[in-house]
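Remarks on the overall topology
So you can see what is in the structure, the chains are spelled out below.
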Amino acid sequence: MSFDWEFALQILPDLLEAFVRITLLVTVVGSLTAAVLGLVWAIGLRSLPAWVGRPLSFVLDFIRMTPLPIQLLFVYYTFNNLSALSVGIIVIGVHYSTYMAESYRAGIESIRKGQWEAATALSLPPHRTWRAVILPQALRATLPSLGNWAIAMFKDTPFLIVIAVPELVTEAKEIGGRTFSYVEPFTLAGLIFLVASYPTAVLMRKLENRLAY
Amino acid sequence: MIRFEDVVKKFGDTTVLEGLSFAVERGERVTLIGPSGSGKTTILRLLMTLEHLTDGFIYVDGDPLTHELRGGKRVERRPKDVTRIRRRIGMVFQQFNLFPNMTVIDNITEAPVHVLGQSREEARQRAHALLDQVGLKHRAGAHPMELSGGQQQRVAIARALAMDPEVLLLDEVTSALDPELVNDVLEVLREVARTTDITMLIVTHEMQFARDVSNRVLMFDHGHILEEAAPDVMFTSPEHERTRQFLQAIL
Ligand SMILES: Nc1ncnc2c1ncn2[C@@H]1O[C@H](COP(=O)(O)OP(=O)(O)OP(=O)(O)O)[C@@H](O)[C@H]1O
Ligand SMILES: [Mg+2]
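Reference entry: report on the structure contained in this document. (Residues numbered from 1 in each chain as written. Chains lettered and ligands numbered in written order. Predicted model: local features only at pLDDT ≥ 70, side-chain atom pairs only at ≥ 80, totals over all residues. Heavy atoms only, no water.)

A count of helices and strands for chain B gives nine helices and twelve strands. A globule of 251 residues ought to have a C-alpha radius of gyration of about 18 Å, and chain B, at 18 Å, matches this closely. Looking at chain B alone, contacts between residues at least 24 apart form 62% of all its contacts between residues at least 6 apart. Across chain B, 30 positive and 37 negative side-chain charges occur, with their mean positions spaced 5 Å apart. (Helix = DSSP H or I, 4+ residues; strand = E, 2+ residues; numbered from the N terminus. Rg over C-alpha atoms; globule rule 2.2 N^0.38 Å. Contact = heavy atoms within 4.5 Å. Lys, Arg positive; Asp, Glu negative; His and termini not counted. Charge placed at Lys NZ, Arg CZ, Asp CG, Glu CD.)

Encoded structure:
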């Protein structure tokens, strides 16, 4: 079994296109969705009365503890008016929001009680306490872990193959099926993931520093 | 100005205050002393609504703070009412509790802008005047972590004063400080006492300071007022042996 460089070079543009148009799109939009929803869950769990908080917490645990491919298939076949790509983005975003919610929660819990008490003593309304006092401090503690979840999500995008979203690995498999050469497309796919993960990590580090005070 | 009526505070099974009643007049400076665990901090925290009142009532200028009698029943007040009354009270904490993510000036202007609705400019001007008053005019742009404990506490005092409180609660505000930083903070508070008519409830072990600023000293023991007197009387000839022992131990 030898590696055909010429063939590899020939299929690279198709793979890159699938990567940029689908994998990156799903990762970026999915991460943003997860980051926003995760924050909503975390604040909700802390501020909502128990009769809403308990069920919410149960649903989040449920989503976190069932496999992503099953959720993809379930939503895809339940809502068959949605395109596979939107199902992919929504499901992966919601799935990872449950992990991110845990990270936010840990960050929020790391804030000393005195900060909440000072906010109360100044009569700050809840939205200011969150926005001006708690979140800026909590996010500093949370950001590295959010970045790790985003990278984990990135590496989970190949699961979209189960609902036939043409992301990078689906495309690689298709090229393999067409040409009966699997080594080159899958090797390239793996390399693309590797090469893309690294700048993402660097970007996260930069963002982290921006938030420092 | 402040009235506690049959106040009960329990933490789980431990009863810290059991039917405590006392009043503080407008403009009065009252120092609370007493052995550790006698309930001094709890009293201030109840007033600041940082603890839940188990039973009884607290009045601020005749207005019930957290609970009121309605139709002969004791009920919780609406959060909106609690907030309105709480706004008249300010507190300085032992651990300063400045917001580390904000500069000194933002720490001071945050509440005046977002609670009192002052314009940013108005709030900044006032904040600069207050910083000048506490001797930190040049540190407006610093972050709390760049300041010494004594400086942080002076910022915290400015932050509380920026809300124009009618009542100021001071809970051992110098006990987390290195000894050489204590005097600057106390000097600032003496100045506040001299130049304003803010009602003050003070918990402190600094007896000279208590003597200088307070009109009345309450000696607490196990959540009860053991005795009360003017500071010179309390510190020179207390009535109770227990007070004598306590004062001897801390002096
Ligand atoms: N959150 C809490 N949970 C349980 N018990 C508490 C809590 N806060 C205070 N207590 C108890 O209440 C009692 C009174 O405490 P408080 O802090 O009011 O005393 P203090 O007079 O301020 O003492 P110190 O001089 O040590 O500051 C103590 O027995 C303390 O253990
Ligand atoms: Mg105390």
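What follows deals with helix 2 (residues 79-86) of chain B. Those residues of helix 2 of chain B that fall on the buried side of the exposure criterion are D81(B), V82(B), T83(B), I85(B) and R86(B). Buried residues along helix 2 of chain B sit against helix 5 (113-121) of chain A together with strand 4 (55-60), strand 5 (63-64) and strand 8 (89-92) of chain B. (Buried < 20%, exposed > 50% of the residue type's maximum accessible area, 1.4 Å probe, protein only.)

Residues and elements named next belong to chain B. The buried fraction of strand 9 (residues 167-171) amounts to five of the five residues, a majority that puts the element mostly inside the structure. Because side chains alternate across strand 9, one face comprises the buried residues V167, L169 and D171, and the other comprises L168 and L170, equally buried. Of the pairings in the sheet, the one linking strand 8 to strand 9 comprises four bridges and is parallel in character. Directly across from I89, in strand 9, lies its bridge partner V167. As paired strands, strand 9 and strand 10 (residues 199-203) are joined by five bridges and run parallel to one another. (Pairing = 2+ DSSP bridges.)

Below, the discussion takes up the nonpolar core. All names here are of chain B. With 71 residues, the main nonpolar core has F4 and L169 as its most contacted residues. If we skip the residues at most four places from it in the chain, F4 touches L20, S21, F22, I43, L46, L47, F57 and I58. Listed in part, the 37 residues of the second largest apolar core include F96, V155, A162 and F209. (Core = buried A, V, L, I, M, F, W, Y, C linked by side-chain atoms within 4.5 Å.)

This part is about the sheet that holds strand 5 of chain B. All names here are of chain B. Reading across the sheet, the four strands line up as 2-1-4-5 and stay open at both edges, with antiparallel pairing between neighbours. Either end of the sheet is taken by a strand with one partner, and the two such strands are strand 2 (14-24) and strand 5. Sheet topology places strand 1 (residues 2-11) next to strand 4; five bridges connect them, and they run antiparallel. Paired with F4 across the strands is I58, a residue of strand 4. Packed onto the sheet, helix 1 (residues 40-47) meets strand 1, strand 2 and strand 4 and runs at close to 115° relative to strand 1. (Axes fitted to C-alpha atoms, helices over the stretch in contact; angles between N-to-C directions.)

Time to look at the sheet that holds strand 9 of chain B. Residue and element names in this part refer to chain B. Spatial ordering of the open sheet is given by 8-9-10-3-11-12, a layout of six strands whose pairing is mixed. Of all the strands in the sheet, the pair left with one neighbour each is strand 8 and strand 12 (224-229). Averaged over all neighbouring strand pairs, the angle between strand axes comes to 20°, with direction disregarded. Across the sheet, helix 1 touches strand 3 (29-33), strand 8, strand 9, strand 10 and strand 11 (216-221), and the angle it forms with strand 9 is around 145°.

Turning next to the site of ligand 1. Residues and elements named next belong to chain B. The full set of residues close to ligand 1 is F11, V16, P35, S36, G37, S38, G39, K40, T41, T42 and E172. Contact between ligand 1 and G37: an oxygen atom at 2.8 Å from a main-chain N or O atom of the residue. At 3.0 Å from an oxygen atom of ligand 1 is found a main-chain nitrogen or oxygen belonging to G39. Bound to the protein, ligand 1 loses 58% of the 640 Å² it would expose on its own. Here the shell around ligand 1 gets three residues from one element, more than from any other, and that element is helix 1. Taken together, the residues that form the shell around ligand 1 break down as three nonpolar, six polar and two charged. (Near = heavy atom within 4 Å. Polar contact = N/O pair within 3.5 Å; in protein donor to acceptor, adjacent residues only side chain to side chain. Areas by Shrake-Rupley, 256 points an atom, 1.4 Å probe, with all protein chains shown as cover. Nonpolar A, V, L, I, M, F, W, Y, C, P; charged D, E, K, R; others polar.)

A contiguous nonpolar surface patch, about 320 Å² in accessible area, is contributed by L25(A), V28(A), V29(A) and L32(A). With respect to the helices, strands and loops of the structure, V29(A) is situated in helix 1 (residues 5-47). (Patch = residues over 30% accessible without salt bridge, like charges linked within 9 Å, V, L, I, M, F, W, Y side chains within 5 Å. Salt bridge = Lys/Arg side-chain N within 4 Å of Asp/Glu carboxyl O.)

Before going further, it helps to examine the environment of I134(A). Residues and elements named next belong to chain A. When you line up the elements, I134 lands in helix 6 (residues 126-156). According to the relative accessible area criterion, I134 is buried, its value standing at 0%. Sequence separation between I134 and V75 is 59 residues, and the spatial gap between their C-alpha atoms is 35 Å. Residues contacting I134, with those up to four places away along its chain left out, are I108, I111, Q115, W116 and T129.

With that settled, consider the side chain of H67(B). All names here are of chain B. Take H67: it is sitting in strand 6 (residues 67-70). Among the polar contacts made by the side chain of H67, one reaches the side chain of T66 at a distance of 2.9 Å. Within polar-contact distance, the side chain of H67 engages the side chain of R74 at 3.5 Å. Non-local contacts of H67, meaning those with residues more than four positions away in its chain, are made with H52, L53, G56, F57, R74, V75, E76 and R77.

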